[in-house]
Each structure stands twice: as structure tokens, then as C-alpha cells.
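Descriptive analysis of the structure
Residues per chain are reported as follows:
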Amino acid sequence: MTQVVYGQKGYLGSSMSVRAAEAYEQGEMPISRWTKTAIIHAVKDYCFDFDLAYDPDIEKKTKAELAKEFLEYKSWHHSSRTAREVEFFGLNEDAVCRSFEQMSEEQIIERDRQMADERAALEARLQFMQSREKEFEKKFECDPSSVLAYEAIHPEMCERFISRRKNTEMIKYRLPTEAVKAGMKEEQVCPVAHASQSRVAYFHVFMQGTGKKRHWENVDFEALTEKFDKAAEKGKRAKMQPKARLDAKKTCVDEAMRVMREQTDNSGDKAKCARITDISHNFSMRPKDESLTHDGENTNR
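Attention in this report is confined to the structure presented alongside it. Remember, predicted model here, so these are calculated numbers, not experimental data. (Residues numbered from 1 in each chain as written. Predicted model: local features only at pLDDT ≥ 70, side-chain atom pairs only at ≥ 80, totals over all residues. Heavy atoms only, no water.)

**Here's the deal with helix α2 (residues 36–49)**
Selection criterion: Only DSSP runs of H or I reaching four residues or more are called helices, and only runs of E reaching two or more are called strands; each is numbered from the N terminus. Given the number of residues in a helix, its expected span is that number minus one, multiplied by 1.5 Å. Residue exposure (1.4 Å probe, protein chains only): buried if accessible area is under 20% of the type maximum, exposed if over 50%, otherwise partly exposed. Directions are taken from the helix axis to each C-beta atom, and the arc is the one they span.
Relative to the 20 Å expected for 14 residues at 1.5 Å per residue, α2 spans 20 Å between its end C-alpha atoms, a close match to the ideal helical length. Looking only at α2, the buried set comprises Ile39, Ile40, Ala42, Val43, Tyr46 and Cys47. Viewed end-on, α2 has its buried residues packed into an arc of 160 degrees, placing them on one side of the element. Looking one or two places after α2, you find aspartate 51, whose phi comes out positive at around 55 degrees.

If you want it as C-alpha cells, here you go:
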């Protein structure tokens, strides 16, 4: 079987002929591409364009029943790399006209009024959503999809630490289940300095639910403030951990030195006592700006 060459005359690329693309633009498709939703939308659009009284009861029918009633064969075109002949189907306009009555003048006016009200309500809803998201960004100084917001909403999925390499505060977090199912790596890392703008896949403060049930929902800013405060406090504790570990280590060394000095004083070995004092002094005089890992160890050794 002859293969189609990329850029071949009469073809777009190597998988569809020019006439097949034109048929798609005219609303024709192979029967496999016609879903139940696509058929219903095509019927609705035709009813609106020609002032027919659409009946929602047809939506109870199956795809096969709708296709049999409202679709018809239109043409065939070459498709795929093997130039296969594919039949294209489109809306049967005569069948639509037979199935729905012509609207009266009053019905047309009422339909247009309802559509105008729906458009106005939708526009007001969109403006409200945009204003709330802007208010969120101004109040919390981060994007609603950012790592910083994700840390506040899902603290159980996030952990702060100090990086070993650059002594930088980082946020390690696990992506939502939807992102993992989409093939993304579950564990991610982001510097705190960029966490207000770096976005988390499949996460948005105002979006609730998953899949087809995912929808925009307003949130309580007072409750969010408490969550952001807890996340900030958690970040402060993570930042203080290296210093606390170093202080604890220094305390232990000082205590050990004190015990050793007492033992050497009792034994009368003054030279050994002097060496112990020098070691303790050297430890306490370390520069304060040395880089520390999150284990409290010096990385500049």
C-alpha cells in the first residue's frame, strides 16, 4: 500500500487531505468522531440559527439513536498515511426541521431575553471571580496556584528545609493525585524565594473538586489567614533548626570539657588541662557566618 509523503500535493502534513480538512470546517466528521454531546450541540445551534423550538427531551436518547435520526452521509475523503477512504457525516437539516416546530415571535423574544440575562449573569460572575483572585494576590502576596498557597492549604503535603549546597530555604512538596496520574513526578522542590509565583500543577485555591466536578468556589480569607500564619510559623521553625542544633552541640561540648577539666584538675595534670581549654576556646570562637547544613554541620570545611 502506497504511503503518503509529508508535504505531498493535496495533503496537509501526512495524515489528512486538504478536502478532509475543509469537510471538518463545514461541520462534517467521520462517524467515530461524532459524540453524543457533539450531536446535541449541532442540533441546538441549528435550532437557534433558524428559530426552531429545541426540545431537551432528545438528550435522553443514546448516541446511536441521535446519530440515526440527525446525521447523514455527506462525502468521503482520504485520510491517514495510507490514504484510506473515510466516510464523513454531517447534520441532516431536513430531519432537524421535521423534529422541531418553528418558534413564534413571542417565543423568539423570550428566548433572546433569557439568553441576554444568562450572558449578563455569566459576565458578572466572571468579574466577581477575577476580583476575588486579585484580592487574594494582594492580601497574601502570592498566586492562587503557587507553592506558597499550596503549603498553606495542604501543610501535610509540604516540608521546609535548608539546602546543603547553598544554605537556601526550600519547600519540598508532593503534587496532587491528578498531577501524578498525568505522569508528573510526585515529589517537587522549590526555593522559598520563588514559591509565591511558582505554580503547582492541578492546584488552585479557588478550584474545588476533580475531573468533571471541578468548579470555582469562593473561599473565606479569614480562615486562609490562619493557615498562612501557621505555614509562616512552621517556616521560621525550620529556618531556626540548624542554629538550634549547633547551639545544642556546643552545649554538649562545653559540658564535656567542663567534666574533663574537673578530672584533670583533680589529677594535677596542668598541661592536659591547658590543651582542653584551648580546644574549648577554638570551638566557641568559630565564625558566625559559616554555612550550615540542615544537620547543623559546617559545609565550608
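After that view of the structure, there is still more to cover.
**Some words on the sheet that holds strand β7 (residues 187–191)**
Sheets are built from strands that pair by backbone hydrogen bonding, the pairs being arranged parallel or antiparallel. So the rule is basically this: Whether two strands pair depends on DSSP finding at least two bridges between them. Axis definition: a line fitted to C-alpha atoms, over the contacting stretch in the case of helices. Angles run 0 to 180 degrees between N-to-C directions.
Here three strands make up an open sheet; going across it, the order is β5-β6-β7 and the pairing antiparallel. The open sheet has two edge strands, β5 (158–162) and β7, and neither has a second partner. Direction aside, neighbouring strands of the sheet carry axes that sit 25 degrees apart on average. As paired elements, strand β6 (residues 169–174) and β7 share five bridges and run antiparallel to each other. Residue pairing for β7: tyrosine 173 is matched across the bridge by glutamine 188.

**Some words on helix α5 (residues 105–140)**
Between its first and last C-alpha, α5 extends 53 Å over 36 residues, near the 52 Å set by a 1.5 Å rise per residue. Along α5, the positions that sit buried rather than exposed are Ile108, Arg111, Met129, Arg132, Phe136 and Phe140.

**Considerations on a negative patch on the surface**
Inclusion rule: Residues forming no salt bridge and having over 30% relative accessible area are the ones grouped into patches, like charges within 9 Å of each other and nonpolar side chains (Val, Leu, Ile, Met, Phe, Trp, Tyr) within 5 Å. Working definition of accessibility: Shrake-Rupley area with a 1.4 Å probe, residue cover restricted to the visible protein chains. In the sections that follow, a salt bridge refers to a side-chain nitrogen of Lys or Arg positioned within 4 Å of a carboxyl oxygen of Asp or Glu. Positive charges are assigned to Lys and Arg, negative charges to Asp and Glu, while His and the chain termini are left out of the count. Note on charges: their place is set at NZ of Lys, CZ of Arg, CG of Asp or CD of Glu.
Together, Asp220, Glu222, Glu226 and Asp229 make up a region of like negative charge exposed at the surface. Of note, aspartate 220 is situated in the loop between β9 (215–216) and α8 (221–267).

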